[in-house]
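# Coordinates in review
Okay, here's what each chain looks like letter by letter:
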Amino acid sequence: GEVGRVIIQRIKTIRPLDESQINLDYILFWLSSEDLKIIENQVNCHLLGEVNAIQEQSGNLGLENKMEFLAKMDLFENHYIQAQNAKDGKARFFEKIIESGTASLEFRYLIRHLMSRMSNLNNTTFIIERKLQLARNTFQLVIDTNLADYSKQLDQQMRNFTLITIMCAPLTIITGMWGMN
């Protein structure tokens, strides 16, 4: 049908072929290549950009937008896990094709090419993981710094309260003794 003609046209743009040479291997290769492009686009464009924004934002947080930041991190982690699962599923599919003896040698070569692209994708996801860990550590450092500042303020308030109590205690004792009948 129409979808088949579109697939054949796309395959011919990859490598000029006769009608007799087009078989299931090339259709699978094209579909796998398109799926991999979608995964690469999601990881390279969206996730890498998002993790860079998260990393920049993690050090410049005020008290009011911490919950928003945590929600953004959770959403990013969900997107990342989805992309990672899609990438891993595609890698397992490629490995099964290469291990099977039914695929032609040329098709296995094409799949190996896709696996080399998958290796680049693995490197990018490794970078994303490291940047996300750095953002988490920076965020934790900001929280720890804020807690330390709050602790110092509380400590100073307790000192002031203690000084006031020390100054008022002798007066309370003297007033109590003079007030007895």
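Higher on the page you've got the structure.
Presented here is an overview of the structure given in this document. Treat the numbers as computed from the prediction; the structure is a model and nothing was measured. (Residues numbered from 1 in each chain as written. Predicted model: local features only at pLDDT ≥ 70, side-chain atom pairs only at ≥ 80, totals over all residues. Heavy atoms only, no water.)

Together, Tyr 150, Leu 154, Met 158 and Phe 161 make up a nonpolar patch on the protein surface, roughly 450 Å² of accessible area in all. One can find Phe 161 in helix H4 (residues 105–178). (Patch = residues over 30% accessible without salt bridge, like charges linked within 9 Å, V, L, I, M, F, W, Y side chains within 5 Å. Areas by Shrake-Rupley, 256 points an atom, 1.4 Å probe, with all protein chains shown as cover. Salt bridge = Lys/Arg side-chain N within 4 Å of Asp/Glu carboxyl O. Helix = DSSP H or I, 4+ residues; strand = E, 2+ residues; numbered from the N terminus.)

Under the 1.5 Å per step criterion, the end-to-end length of H4 is 107 Å for 74 residues, consistent within 8% with the ideal 110 Å. A maximum bend of about 30° is found in H4 at Cys 168, where proline Pro 170 lies one to four positions downstream. (Expected span 1.5 Å × (residues − 1). Bend = angle between axes of the 7 residues up to and from the residue.)

Attention shifts here to the side chain of Thr 125. Relative to the helices and strands, Thr 125 resides in helix H4. Under the relative-accessibility criterion, Thr 125 is labelled buried at 4%. (Buried < 20%, exposed > 50% of the residue type's maximum accessible area, 1.4 Å probe, protein only.)

Note that side chains of opposite charge can pair when their charged atoms are close. A full pass over the atoms with the stated rule returns four salt bridges. In this structure, Glu 40 engages Arg 117 in a salt bridge whose closest nitrogen and oxygen atoms are separated by 2.9 Å. On the criterion of sequence distance, the pair formed by Glu 40 in helix H2 (residues 24–58) and Arg 117 in helix H4 is long-range, its members being 77 residues apart. With a relative accessible area of 16%, Glu 40 lands in the buried category. Here Arg 117 falls in the buried class, since its relative accessible area comes to 17%.

Two elements in contact, helix H3 (residues 66–99) and H4, have axes separated by 10 Å at closest approach and are oriented at 160°. Our classification of the angle between H3 and H4 gives roughly antiparallel. Judged by the twist between their axes, the crossing of H3 over H4 is left-handed. (Axes fitted to C-alpha atoms, helices over the stretch in contact; angles between N-to-C directions. Parallel < 35°, antiparallel > 145°, perpendicular 65-115°, else oblique. Left-handed = near helix turned anticlockwise from the far one by under 90°.)

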